[in-house]
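If you want the building blocks of each chain, they are given just below.
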Amino acid sequence: MKPPLIVGNWKMHGTQTEAFALARHIRRGLKAIKGVEVVLAPPFTALAPVSQAIKGSGLRLGGQNVHWQTEGAFTGEISPKMLQELGCRFVIVGHSERRRLFKESDQLIANKMLASLRAGLRPILCVGETLEERRKGTMPRVITRQLRAALKGVRKSGIEKIEIAYEPVWAIGTGHNATPDQVSHAHCWIRKVLKELLGEKRGKRCRILYGGSVRPDNAAELGRALEVNGLLVGGASLRARDFLNIVHYFLA
Ligand code: PGA
């Protein structure tokens, strides 16, 4: 299995100056990054300064979103190639905020997956159910649909580069994380679907991260839930000390 992956999703927070300072702070707090991969995903405008701040440190850079074309008349959009050039190795695709607030469809997300892989980026595909879907008991169905749609058309060679993040919508930014039992259940389901879609061997190797109100006080127990191979951290990744405390649980 690959090492655990911890991703800090800074969302729309931080000017260039603030982002640079936060990245330096995190860098200083991580003397050696062993047995874990750590990715910082600042806003587009702060990718360049954060890239500078973490150069040579072992910390990795990620985008929060991407367009599916290489270039063209797409006002306000950023292409995979542009992210690559800034030093991104990862990109978050299909975050529930993008699905919900910006009406991203399963098809659009599938296009972004393919475009990211073509450009050599590792897409972190977010899936997860809403509170209503959970109450109706349709979590497995929703997640299966999201995975099937997003992974359709991904070639065998690309599968190794894909990361999955289970992010129940009701747990994001609410302070109410899923319980370890809920996380285990969802992650085991995702693993089963991945094996069905990608084949036993590849499906087993894909990392599945949990995201949704991860904090230093719950990171260890969430990290121990079944089939959890890392964490996607929002709010807590904006405070260097909290983020470092979370990463420290996973250091070898
Ligand atoms: P949160 O966000 O940790 O603030 O809940 C997680 C995410 O949206 O990736």
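Up top you'll find the structure we're talking about.
Residues numbered from 1 in each chain as written. Predicted model: local features only at pLDDT ≥ 70, side-chain atom pairs only at ≥ 80, totals over all residues. Heavy atoms only, no water.

(A) Layout of helix H2 (residues 47-54). Taken as a whole, H2 has its buried residues at Leu47, Pro49, Val50, Ala53 and Ile54. Looking straight down H2, one finds that the buried residues subtend no more than 165° of arc, so they occupy a single side. Where H2 is buried, its residues meet helix H1 (16-29), strand S2 (37-41), strand S3 (60-63), helix H3 (80-85) and strand S4 (88-93). At the C-terminal side of H2, Gly56 shows a positive phi close to 75°. (Buried < 20%, exposed > 50% of the residue type's maximum accessible area, 1.4 Å probe, protein only. Helix = DSSP H or I, 4+ residues; strand = E, 2+ residues; numbered from the N terminus. Arc of directions from axis to C-beta. Contact = heavy atoms within 4.5 Å.)

(B) Representation of unusual backbone geometry in the model. A positive phi angle, near 55°, is found at Ser213, a position not held by glycine. Relative to the assigned elements, Ser213 resides in the loop between strand S7 (207-211) and helix H11 (216-223).

(C) Representation of the site of the ligand. In the vicinity of the ligand lie 14 residues, with Lys11, His95, Glu167, Gly173 and Ser213 positioned nearest. Between the ligand and Gly173 there is a distance of 2.6 Å, counted from an oxygen atom to a backbone nitrogen or oxygen. At 2.8 Å, a backbone N or O of Gly235 approaches an oxygen atom of the ligand. In isolation the ligand has 280 Å² of accessible area, and contact with the protein removes 95% of it. Residue composition of the shell around the ligand, by class: five nonpolar, seven polar and two charged. (Near = heavy atom within 4 Å. Polar contact = N/O pair within 3.5 Å; in protein donor to acceptor, adjacent residues only side chain to side chain. Areas by Shrake-Rupley, 256 points an atom, 1.4 Å probe, with all protein chains shown as cover. Nonpolar A, V, L, I, M, F, W, Y, C, P; charged D, E, K, R; others polar.)

(D) Local environment of helix H9 (residues 180-198). The terminal C-alpha atoms of H9, which comprises 19 residues, lie 26 Å apart, in line with the 27 Å expected from a rise of 1.5 Å per residue. The complete set of buried residues in H9 reads Val183, Ser184, Ala186, His187, Ile190, Arg191, Val193, Leu194 and Leu198. Residue Gly199 follows H9 closely and has a positive phi angle near 95°. (Expected span 1.5 Å × (residues − 1).)

Function-wise, these values are silent; they only describe arrangement.
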